[in-house]
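Take a look at the letters that make up each chain.
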Amino acid sequence: MNAAPVLDFDLARTNVNPYDTYRWMRDHDPVHLDERTGEYLLTRYADVHAVGMDHARFSNVLPDVLEGRAESYSPLREEDPPRHTMLRKVVAPLFTPPA
């Protein structure tokens, strides 16, 4: 399969198995720009890890253009250190079993 698949990531609407598309993207388009949203989708572990560790160049904070997505906002997922670290320390005891 060398032809580019139709890249539609609204899985609730399309109800398709995304794994063939992800495999194609890893092989042919590992750093994909979704022109509709302006967001990037990384499909290789090394790229995801590098971006996740580089808080100086990459941010989890939502830009103003995405403010309409407030229903899906998650402070732990969409904040950068040091705020993320502080929030994680606050909630960690809730997910830690007693000794």
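Every value quoted in this text rests on a predicted model; they were computed, and no experiment measured them.

The secondary structure content of the protein amounts to 4 helices and 2 strands. Counting from the amino terminus, the protein carries its helices and strands in the arrangement α-α-β-β-α-α. Here the protein, with 99 residues, has 15% of them falling under the buried criterion. Considering only residue pairs separated by 6 or more positions, the protein has 13% of its internal contacts joining residues 24 or more positions apart. Within the structure as shown, the protein displays about 8,100 Å² of accessible surface, and the carbon and sulfur contribution to it stands at 57%.

This part covers the pairing of strand E2 (residues 39–42). Walk down a regular strand and you will see the side chains alternate between the two sheet faces. Bridging between strand E1 (residues 31–34) and E2 involves 4 bridges; their strand directions are antiparallel. Directly across from aspartate 34, in E2, lies its bridge partner glutamate 39. In sequence, E1 turns back onto E2 through a hairpin of 4 residues, with glycine 38 there showing a positive phi of about 80 degrees.

Right, let's get into a nonpolar patch on the surface. Among the surface-exposed residues, Val31, Leu33 and Tyr40 lie close enough to one another that they form a single nonpolar patch of about 290 Å² accessible area. With respect to the helices and strands, the residue tyrosine 40 is situated in strand E2.

Per the stated rule, a full pass over the model turns up 1 aromatic pair. Centroid distance tyrosine 19 to tyrosine 22: 6.0 Å. Interplanar angle 85 degrees. Geometry classified as edge-to-face. Note that tyrosine 19 and tyrosine 22 are positioned in helix H2 (residues 19–28) at a spacing of 3 residues, about one turn of the helix. Note on tyrosine 22: relative accessible area 26%, which makes it partly exposed.

Next up on the list: the pattern of salt bridges. In this structure the tally under the stated criterion is 2 salt bridges. Across the salt bridge formed by aspartate 20 and arginine 23, the nearest N and O atoms sit 2.8 Å from each other. A residue pair is termed a helical-turn pair when its members lie 3 or 4 positions apart in one helix, as aspartate 20 and arginine 23 do in helix H2 at 3 residues. Aspartate 20 gets classed as partly exposed once you look at its relative accessible area, which sits at 46%.

This brings us to H2. Here H2 has its buried residues at Thr21, Trp24 and Met25. Considered in projection along H2, the buried side chains sweep an arc of 100 degrees and stay on one side of the axis. Opposite the packed face of H2, turned more than 90 degrees from it, sit the exposed residues Tyr19 and Asp27. Tucked into the core, H2 has its buried residues touching E1 and E2.

Tracing the chain through its elements places valine 31 in strand E1. Residues valine 31 and arginine 44, spaced 13 residues apart in sequence, show a C-alpha to C-alpha distance of 8.3 Å. Contacts of valine 31, omitting those with residues within four sequence positions, involve Tyr40, Leu41, Leu42 and Asp47.

This part takes up the confidence of the model for the protein. Of the residues in the protein, 69% reach a pLDDT of 70 or more, and the chain-wide mean stands at 78. When mean pLDDT is taken per element in the protein, helix H3 (residues 45–53) scores highest with 92 and helix H1 (residues 11–14) scores lowest with 60.

What counts and what doesn't
Residues numbered from 1 in each chain as written. Predicted model: local features only at pLDDT ≥ 70, side-chain atom pairs only at ≥ 80, totals over all residues. Heavy atoms only, no water. Helix = DSSP H or I, 4+ residues; strand = E, 2+ residues; numbered from the N terminus. Buried < 20%, exposed > 50% of the residue type's maximum accessible area, 1.4 Å probe, protein only. Contact = heavy atoms within 4.5 Å. Areas by Shrake-Rupley, 256 points an atom, 1.4 Å probe, with all protein chains shown as cover. Pairing = 2+ DSSP bridges. Patch = residues over 30% accessible without salt bridge, like charges linked within 9 Å, V, L, I, M, F, W, Y side chains within 5 Å. Salt bridge = Lys/Arg side-chain N within 4 Å of Asp/Glu carboxyl O. Phe/Tyr/Trp six-rings, centres within 6.5 Å; stacked < 30°, edge-to-face > 60°. Arc of directions from axis to C-beta. pLDDT = per-residue confidence, 0-100.

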